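This is what each chain is made of:
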Amino acid sequence: MSDLTTPPLLEIRDLHVRFAVRNGQVHAVRGLDLTVHRGEVAAVVGESGSGKSASMLATLGLLDINASASGSVRFDGTELLGAPPPVLRSIRGGRIGMIFQDPMTSLNPVLDIRRQIAEAVITHRQVSPRQAESKAVELLEMVSFPDAVRRARSYPHELSGGMRQRVMIAMALANDPDILIADEPTTALDVTVQAQILDLLRSLRQSRELAIVLITHDLGVVAGLADTVNVMYAGRIAESGPVVDIFHRPQHPYTIGLLASLPRLDRPDRELTPIGGVPPRLYEEPEGCSFAPRCRYAVEACHEVEPPLERVEASMVACSVLPMRSRTAEGSL
Ligand SMILES: Nc1ncnc2c1ncn2[C@@H]1O[C@H](COP(=O)(O)OP(=O)(O)O)[C@@H](O)[C@H]1O
Ligand SMILES: [Mg+2]
């Protein structure tokens with residue numbers, strides 16, 4: 001379990017990411033704060049384009065050449081923003097493991113999977129190729145890759161999407177990381193396989209005390225795995241807090257909308273209500289709250305001032321209306 005008395009393992013403060021584009025810039029991440037403790041699973045949730053990947057790429061020093069990042073990203077006491085490339089290279093794939101959405105583009109089509117995992121081991125450790133290959137098979141067994149000994153010589157195209165994602169997870173775990181950054185790890189998979197990969201992450205987290213940053217646009221996948229949920233909208237946190245509070249006492253209208261658009265097993269007859277409209281494109285700074293144009297609770301002031309992130313019960317919320325809170329106060333919930 002997470003230990004809240006020790007300093008955080010990963011601490012992102014006031015992170016900004018800007019991309020230079022033809023007619024100006026896109027301010028994709030606008031002051032992100034994110035804290036992850038050892039052994040903790042932090043979900044980062046938001047619609048496509050909300051700045052989830054840009055935040056993580058900035059954290060890992062992997063942003064495109066047209067990007068600039070500012071703020072602070074501390075990993076176990078070391079500042080990563082602006083750290084020298086050798087420091088970043090040794091942390092990436094070492095103490096920080098990464099998996100991305102599409103394993104096919106991240107795997108090398110001409111090497112068998114045992115070789116690829118072995119290379120991930122050799123990059124960070126002084127071991128012989130033979131030792132690395134036997135470690136690769138061990139890692140495949142750890143991620144429940146069926147018949148690992150025999151099938152370790154398979155090539156990526158011979159595997160299903162779920163099996164390829166298991167290979168990616170094995171590679172990410174090659175050097176016994178403290179934290180795994182998983183960017184939409186199940187988005188490309190069908191629902192059954194998605195559940196298997198989430199189960200795998202859950203058991204790895206337990207057996208290895210692994211911290212995980214789980215990035216997803218689907219709030220539904222985080223319920224059984226995350227300790228904290230960080231809802232991003234237009235490059236900022238709209239709401240963050242313990243998973244139970246986010247699911248049972250959401251405060252921000254955007255979180256309320258995301259939850260309302262989830263299918264629920266206990267209420268199959270419920271109408272699903274997706275949030276209308278689209279997020280702003282961040283070529284210019286939004287005036288007022290960036291969610292206000294889509295928000296059914298917005299009042300005039302919402303269009304004028306961007307609300308700061310403030311504590312509401314166990315969560316942090318950036319909303320000046322807080323519709324649920326006033327309803328609770330009136331006793332009408
Ligand atoms: N290399 C890039 N150049 C220009 N804009 C980019 C680049 N990468 C991302 N963006 C923009 O930054 C915003 C955030 O993107 P991203 O972090 O990928 O969103 P998410 O992962 O939440 O879907 C989007 O508006 C996207 O178009
Ligand atoms: Mg993304």
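Residues numbered from 1 in each chain as written. Chains lettered and ligands numbered in written order. Predicted model: local features only at pLDDT ≥ 70, side-chain atom pairs only at ≥ 80, totals over all residues.

A. Region of interest: the domain arrangement of the chain. Domain assignment breaks the chain into domain 1 (10–95 + 177–274) and domain 2 (105–174). For domain 1 versus domain 2, the separation of C-alpha centres amounts to 25 Å. On the domain 2 side, the residues contacting the 11 residues of domain 1 number 11 residues. Take the side of domain 1 that touches domain 2: its biggest share by element is four residues, from helix 8 (residues 191–208). Residue composition of the side of domain 1 that touches domain 2, by class: eight nonpolar, three polar and no charged. (Domains from an automatic or database assignment. Contact = placed C-beta atoms within 7 Å. Helix = DSSP H or I, 4+ residues; strand = E, 2+ residues; numbered from the N terminus. Nonpolar A, V, L, I, M, F, W, Y, C, P; charged D, E, K, R; others polar.)

B. Fine view of the sheet that holds strand 4 (residues 67–75). Across the sheet, four strands lie side by side as 2-1-4-5; this open sheet has antiparallel pairing. Either end of the sheet is taken by a strand with one partner, and the two such strands are strand 2 (24–36) and strand 5 (78–79). Where strand 4 lies against strand 5, two bridges are found, and the strand directions are antiparallel. Residue pairing across strands places Phe-75 opposite Thr-78, the latter belonging to strand 5. (Pairing = 2+ DSSP bridges.)

C. Representation of the nonpolar core within the structure. Grouped together as the largest cluster of nonpolar side chains are 88 residues, with contacts concentrated most on Ile-117, Ala-170, Ile-179, Ile-212 and Val-213. When residues of this core are assigned to domains, at least three fall in each of domain 1 (10–95 + 177–274) and domain 2 (105–174). (Core = buried A, V, L, I, M, F, W, Y, C linked by C-beta atoms within 7 Å. Buried ≥ 20, exposed ≤ 12 C-beta atoms within 10 Å, placed from the backbone.)

D. How the structure looks around the site of ligand 1. Residues in contact with ligand 1 amount to 15 residues; listed here are only the nearest, Phe-19, Ala-28, Lys-52, Ser-53 and Ala-54. Elements with a minimum of two residues in the shell around ligand 1: strand 1 (10–21), strand 2 and helix 1 (52–60). Per-element accounting of the shell around ligand 1 gives the leading share, three residues, to helix 1. Among the residues making up the shell around ligand 1, the classes are represented as six nonpolar, seven polar and two charged. (Near = placed C-beta within 6 Å.)

E. How the structure looks around the packing of helix 7 (residues 161–172) against helix 8. Helix 8 packs onto helix 7 with a crossing angle of 20° between their chain directions and a minimal axis gap of 10 Å. Comparing their axes, helix 8 and helix 7 come out roughly parallel. In this structure, helix 7 meets helix 8 at a crossing whose hand is right-handed. Mapping the contact onto sequence places Gly-161, Gly-162, Gln-165 and Ile-169 in helix 7 and Val-193, Gln-196, Ile-197 and Leu-200 in helix 8. When the residues that make up the contact of helix 7 with helix 8 are grouped by side-chain class, the tally is four nonpolar, four polar and no charged. (Axes fitted to C-alpha atoms, helices over the stretch in contact; angles between N-to-C directions. Parallel < 35°, antiparallel > 145°, perpendicular 65-115°, else oblique. Left-handed = near helix turned anticlockwise from the far one by under 90°.)

F. Region of interest: the sheet that holds strand 3 (residues 41–45). Taking strand neighbours across the sheet as the criterion, the eight strands line up as 6-7-8-3-9-10-12-11 in an open arrangement whose pairing is mixed. The two strands at the open ends of the sheet, each matched to only one other strand, are strand 6 (96–99) and strand 11 (310–312). Across the sheet, the mean angle separating the axes of adjacent strands is 20° when strand polarity is ignored. For strand 6 and strand 7 (residues 179–183), the ladder comprises four bridges, and the chain directions are parallel. By the bridge assignment, Ile-99 is partnered in strand 7 with Ala-182. Its contacts with the sheet place helix 1 against strand 3, strand 6, strand 7, strand 8 (211–216) and strand 9 (228–233), and it is angled at close to 145° to strand 7. Each of strand 9 and strand 10 (236–242) touches helix 10 (residues 253–260); the most contacted strand, strand 9, lies at about 105° to it.

G. Spotlight on the environment of Gly-97. Along the polypeptide, Gly-97 turns up in strand 6. On the basis of neighbour counts, which here come to 25 C-beta atoms within 10 Å, the residue Gly-97 falls in the buried class. In the structure, Gly-97 is positioned 77 residues away from Ala-174 in sequence and 8.2 Å away in space, judged by C-alpha atoms.

H. Structural detail: unusual backbone geometry. Look at Asp-147: it is not a glycine, yet its phi comes out positive at around 55°. Considering the arrangement of structural elements, one finds Asp-147 in the loop between helix 5 (129–142) and helix 6 (148–151). With 10 C-beta atoms counted inside 10 Å, the residue Asp-147 sits in the exposed group.

I. Broad picture of the environment of Ile-212. You can see Ile-212 is positioned in strand 8. The exposure class assigned to Ile-212 is buried, which follows from the 25 C-beta atoms found within 10 Å. Separated by 13 residues in sequence, Ile-212 and Leu-225 have C-alpha atoms that sit 9.6 Å apart. For Ile-212, the residues in contact, after removing those within four places along its chain, are Val-41, Ile-179, Leu-180, Ala-182, Leu-201 and Arg-205.

J. Geometry of the pairing of strand 1. Of the pairings in the sheet, the one linking strand 1 to strand 2 comprises 10 bridges and is antiparallel in character. Paired with Arg-18 across the two strands is His-27, which belongs to strand 2. The hairpin turn running from strand 1 into strand 2, its antiparallel successor, is two residues long. As defined by bridge partners, strand 1 adjoins strand 4 across eight bridges and the pair is classed as antiparallel. Residue Leu-10 lies in a different strand from strand 4, and its bridge partner there is Phe-75.

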